[in-house]
Amino acid sequence: MLRVSQPDITAPGVSILAAFTGLAGPTGLTFDSRRVLFNSESGTSMSCPHVAGIAGLLKALHPDWSPAAIKSAIMTTTRVQDNTRRPMSNSSFLRATPFAYGAGHVQPNRAADPGLVYDTNATDYLHFLCALGYNSTVIGTFMDGPNACPARPRKPEDLNYPSVTVPHLSASGEPRTVTRRVRNVGAEPAAYDVRVREPRGVSVSVRPSRLEFAAAGEEKEFAVTFRARAGRFLPGEYVFGQMVWSDGAGRRRHRVRSPVVVRVGAHRTSKTSVPVA
Ligand SMILES: *[C@@H]1O[C@H](CO)[C@@H](O)[C@H](O)[C@H]1NC(C)=O
Ligand SMILES: *[C@@H]1O[C@H](CO)[C@@H](O)[C@H](O)[C@H]1NC(C)=O
Ligand SMILES: *[C@@H]1O[C@H](CO)[C@@H](O)[C@H](O)[C@H]1NC(C)=O
């Protein structure tokens with residue numbers, strides 16, 4: 001079962017001019033005896049180094065940011081339009097979803113100043129693994145120190161991730177609440193208001209809907225509650241929306257966007273059977 005929607009991000013990956021091996025010709029065919037220093041290549045192996053390079057630049061700009069904070073900055077500052085400003089399409093020229101582009105297409109300059117980050121530390125991941133059903137003995141094999149799972153079990157959906165996935169919302173209208181926490185890495189003081197584009201057939205409310213930070217570095221929690229709208233949802237289908245925290249108007253405003261992925265009416269499967277996907 002889906003726990004964390006993937007992929008996280010897209011980056012340039014089509015016809016990228018890249019350094020090329022001397023062990024093969026540019027076509028890769030055995031009779032191609034040409035040797036080139038550079039070649040035009042496509043795929044995830046081309047987009048991955050773009051993101052790795054951006055992560056390195058962000059670490060240089062913000063040496064105190066954790067890997068999770070860097071990932072959050074990259075994910076929440078993307079765009080979901082293509083370069084003609086229309087909704088991104090997939091390779092069949094049909095409207096793409098977060099299952100194709102994740103949080104969107106990376107925008108490095110905006111990632112340098114995201115406003116807020118969803119940070120995740122070792123405790124968060126520990127609780128996530130406990131929520132997936134791994135017991136303290138198993139967790140103890142790769143964590144040092146006291147590592148008991150929390151007394152009050154958490155849900156996998158509560159992992160402080162920059163996207164929100166609810167894979168089994170009750171079809172009978174029973175609400176499901178997930179929690180998140182954001183840290184102000186921008187100006188101080190700062191106030192952010194939330195706007196949600198609801199997935200089809202699902203109501204989403206965020207409490208509180210305004211976060212006020214007195215200082216940089218401050219963290220605030222909020223809760224997102226999902227509820228299926230009777231007769232309006234698509235049973236068993238993933239539907240998509242977004243949640244955006246914004247600190248107002250003007251050129252220097254921040255928009256901290258998370259994709260929201262929900263499926264109504266699918267049954268919970270066994271707790272331990274499926275890893276994060
Ligand atoms: C493109 O998106 C459509 C609609 O979501 C989907 O049915 C189709 O399989 C996708 N094509 C590819 C190549 O992913
Ligand atoms: C992780 O962050 C949470 C929330 O800020 C905090 O309570 C916890 O102590 C942190 N854990 C570690 C290992 O820093
Ligand atoms: C923890 O899980 C492992 C693997 O499933 C199992 O072998 C072990 O007996 C469990 N330990 C406890 C204390 O439940």
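Residues numbered from 1 in each chain as written. Chains lettered and ligands numbered in written order. Predicted model: local features only at pLDDT ≥ 70, side-chain atom pairs only at ≥ 80, totals over all residues. Heavy atoms only, no water.

### Observations regarding the site of ligand 1
The test is simple: When at least one non-hydrogen atom of a residue lies within 4 Å of a molecule or strand, that residue is treated as near it. Polar contacts, as counted here, are pairs of nitrogen or oxygen atoms within 3.5 Å of one another; within protein the pair requires one atom able to donate a hydrogen and one able to accept it, and residues that are adjacent in sequence qualify only if both atoms are side-chain atoms. Under the scheme applied here, ten amino acids are nonpolar (Ala, Val, Leu, Ile, Met, Phe, Trp, Tyr, Cys and Pro), four are charged (Asp, Glu, Lys and Arg), and all others, including Gly, are polar.
Neighbouring ligand 1 are Asn90, Ser91, Ser92 and Leu94. Separating an oxygen atom of ligand 1 from a side-chain N or O atom of asparagine 90 is a distance of 2.3 Å. At 2.9 Å, a side-chain N or O of serine 92 approaches a nitrogen atom of ligand 1. Of the residues in the shell around ligand 1, the class split is 1 nonpolar, 3 polar and no charged.

### Things to note about the sheet that holds strand S3 (residues 116-117)
Selection criterion: Two strands qualify as a pair provided that DSSP identifies no fewer than 2 bridges between them. By the criteria applied, helices consist of DSSP H or I runs no shorter than four residues and strands consist of E runs no shorter than two, each listed in order from the N terminus.
In spatial order, the strands read S3-S5-S9-S7; together these 4 strands make up an open sheet with antiparallel pairing. Looking at the sheet topology across the chains shown, the edges are occupied by S3 and strand S7 (202-207).

### Quick look at the UniProt feature "domain: Subtilisin-like protease fibronectin type-III" (unreviewed entry) in the protein chain
To be explicit about the condition: UniProt positions are given in the numbering used here, feature names are shortened, and annotations may be inferred rather than shown by experiment.
Those places that UniProt annotates as "domain: Subtilisin-like protease fibronectin type-III" (unreviewed entry) correspond, in this numbering, to residues 158-262. Summarising residues 158-262: 0% helix, 57% strand, and an end-to-end C-alpha distance of 14 Å.

### Side note on unusual backbone geometry
Selection criterion: Relative accessibility under 20% of the residue-type maximum defines a buried residue, over 50% an exposed one, and the middle range a partly exposed one, all with a 1.4 Å probe and only protein chains included.
Across the junction of glutamate 188 and proline 189, the peptide omega takes the value -10°, indicating a cis bond. For proline 189, the location among the structural elements is in the loop between strand S5 (176-184) and strand S6 (190-197). With an omega dihedral of -10°, the bond running from arginine 207 to proline 208 counts as a cis peptide bond. For proline 208, the position within the fold is in the loop between S7 and strand S8 (210-213). With a phi angle near 65°, arginine 85 is a residue other than glycine that sits in the positive phi range. With respect to the secondary-structure elements, arginine 85 resides in the loop between helix H2 (67-76) and helix H3 (98-101). A positive phi angle is found at phenylalanine 93, which is not glycine, with a value near 60°. Within the secondary structure layout, phenylalanine 93 lies in the loop between H2 and H3. Classification of phenylalanine 93 by relative accessible area gives exposed; the value is 73%.

### Looking at the nonpolar core
Heads up, the rule is: In these notes, a set of buried Ala, Val, Leu, Ile, Met, Phe, Trp, Tyr and Cys residues joined through side-chain atoms within 4.5 Å is what counts as a nonpolar core. The criterion used for residue contact is that any of the two residues' heavy atoms lie within 4.5 Å.
Counting residues in each nonpolar core, the largest one holds 27 residues, and the members touching the most others are Phe222, Phe226, Met243, Trp245 and Val262. At the level of elements, strand S4 (164-169), S5, S6, S7, S8, strand S9 (219-228), strand S10 (238-246) and strand S11 (255-264) are the ones that each hand at least two residues to this core. Residues within four places of methionine 243 in sequence aside, it is in contact with Tyr118, Val164, Val194, Arg195, Val196, Val206, Phe222, Val224, Val256, Arg257, Ser258 and Val260. Counting 13 residues, the second-largest nonpolar core is a separate cluster that includes Ile9, Ala11, Leu58 and Ile70.

### Brief notes about the state of the cysteines
By definition, a disulfide links two cysteine residues through a covalent bond between their sulfur atoms. Short version of the rule: The disulfide criterion used throughout: a pair of cysteine sulfur atoms within 2.5 Å.
Evaluation of the coordinates by the stated rule reveals 1 disulfide. Two residues share a disulfide in this structure: cysteine 130 and cysteine 149, whose sulfurs sit 2.0 Å from each other. Its torsion about the S-S bond being -85°, the disulfide of cysteine 130 and cysteine 149 is classed as left-handed. Here the residue cysteine 130 occupies a position in helix H5 (residues 122-131), and cysteine 149 occupies one in the loop between helix H6 (136-140) and S4, the gap between them amounting to 19 residues. With relative accessibility at 25%, the residue cysteine 149 sits in the partly exposed group.

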